[in-house]
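Below are the chains, spelled out letter by letter.
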Amino acid sequence: AHARSGGAMRLLEFARKALPLAGLIFSGALAAHGATIYVDASVGGGSNNGTAWGHAYTNLQSALGTALTGDQVWVAAGTYVGSVKLEPGTAVYGGFAGTETIRDARNPASNPTVLDGGSTAPHVVVGADNARIDGFTIRGGWAIGAAPDDVGGGVYCNGTSPVVANNRIVGNRATNGGAGIYCGGACAGQFTANLIADLSA
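Residues numbered from 1 in each chain as written. Predicted model: local features only at pLDDT ≥ 70, side-chain atom pairs only at ≥ 80, totals over all residues. Heavy atoms only, no water.

Even after reading the chapter, I still don't get the overall build of the protein, so can you show me in this structure?
Helix and strand counts for the protein come out as two helices and 17 strands. Every one of the 201 residues in the protein was classed for burial, and the buried ones make up 40%. Across the protein, the fraction of contacts at a sequence separation of at least 24, relative to all contacts at a separation of at least 6, is 61%. With an accessible surface of roughly 10200 Å², the protein has 57% of that area assigned to carbon and sulfur atoms. (Helix = DSSP H or I, 4+ residues; strand = E, 2+ residues; numbered from the N terminus. Buried < 20%, exposed > 50% of the residue type's maximum accessible area, 1.4 Å probe, protein only. Contact = heavy atoms within 4.5 Å. Areas by Shrake-Rupley, 256 points an atom, 1.4 Å probe, with all protein chains shown as cover.)

Right, dumping it as structure tokens:
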């Protein structure tokens, strides 16, 4: 009886130590994985609620309007016209063919995904804290006007700190500088592996 009691005590002690660890692992997994929201301008059918490629949003800003912290927005090749406002804590990735099931299968060079300000939007991309924009051609920003619309034609990050990575930021304009990227105020953004050039769209 004593041996069984000792074994039970050891098992109970193990459970007391293991269960909190398991809880930490489980809660960490929940925190690390948000939803994937799909965007494809060429989708002609489906419910357009972003739950799968066949039901993708056709408008990127509409998809971002539903995104929560931790979510990823996957955007298929195509041209998306207008200004895009990122949401805090979300990541937006371009370069998809519209069939991928894992993010690493995307190829921005083969599947160009273009955010185009149409030479009318003062900022093509407006940053947000802890947001990410990755794998796009960002062009046609037209920051020609009065402040604050005179800087940041391509990417405007005034007082926000996004990650801007692996993009072609080309053919944007601004009256007072930062035609490609403007990072002002308390901006502490990360800018990695972007091509920034005054090239024709």
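I'm lost on the pattern of salt bridges in this one. Help?
Any two side chains of opposite charge can pair, so long as their charged atoms come close to each other. Applying the stated criterion across every chain yields a total of four salt bridges. A salt bridge links R132 to D134; its shortest N-O distance comes to 2.9 Å. A salt bridge links R173 to D198, with the shortest nitrogen-to-oxygen separation between them at 2.8 Å. Pair noted here: R173 is in strand β14 (residues 173-174) and D198 is in the segment after β17 (195-197), with a separation of 25 residues, a long-range link. Judged by its relative accessible area of 34%, R173 falls in the partly exposed class. (Salt bridge = Lys/Arg side-chain N within 4 Å of Asp/Glu carboxyl O.)

I'm lost on the pairing of strand β6 (residues 113-116) in this one. Help?
Side-chain alternation along β6 places T113 and L115 on one buried face and V114 and D116 on a second face that is also buried. Bridge analysis of strand β3 (residues 78-81) against β6 gives four bridges, and the strand direction is parallel. Within β6, the position partnered with T79 by the bridge is V114. (Pairing = 2+ DSSP bridges.)

I keep staring at the environment of S110 and nothing clicks. Help me out?
Relative to the assigned elements, S110 resides in the loop between β5 (91-96) and β6. Through-space distance from the C-alpha of S110 to that of A77 is 8.7 Å; in sequence the pair is 33 residues apart.

Got a minute to help me understand the packing of aromatic side chains in this structure?
One pair of aromatic rings is described through two measures. These are the centre distance and the angle between the planes. The tally for this structure, following the rule as stated, stands at five aromatic pairs. Between Y38 and W53, the aromatic rings sit 4.8 Å apart at their centres with planes inclined by 65°, giving edge-to-face as the arrangement. Of this pair, Y38 sits in strand β1 (residues 36-39) while W53 sits in the loop between β1 and α2 (60-64), and the two are 15 residues apart along the sequence. With relative accessibility at 14%, the residue Y38 sits in the buried group. When its relative accessible area of 10% is taken as the criterion, W53 is described as buried. Measuring from centroid to centroid gives 5.6 Å for Y38 and W74, while their planes differ by 80°, and the two rings are edge-to-face. Taken as a pair, Y38 in strand β1 and W74 in strand β2 (residues 72-76) lie far apart in primary sequence, 36 residues in all. Judged on exposure class, the residue Y38 and its partner W74 are both buried. (Phe/Tyr/Trp six-rings, centres within 6.5 Å; stacked < 30°, edge-to-face > 60°.)

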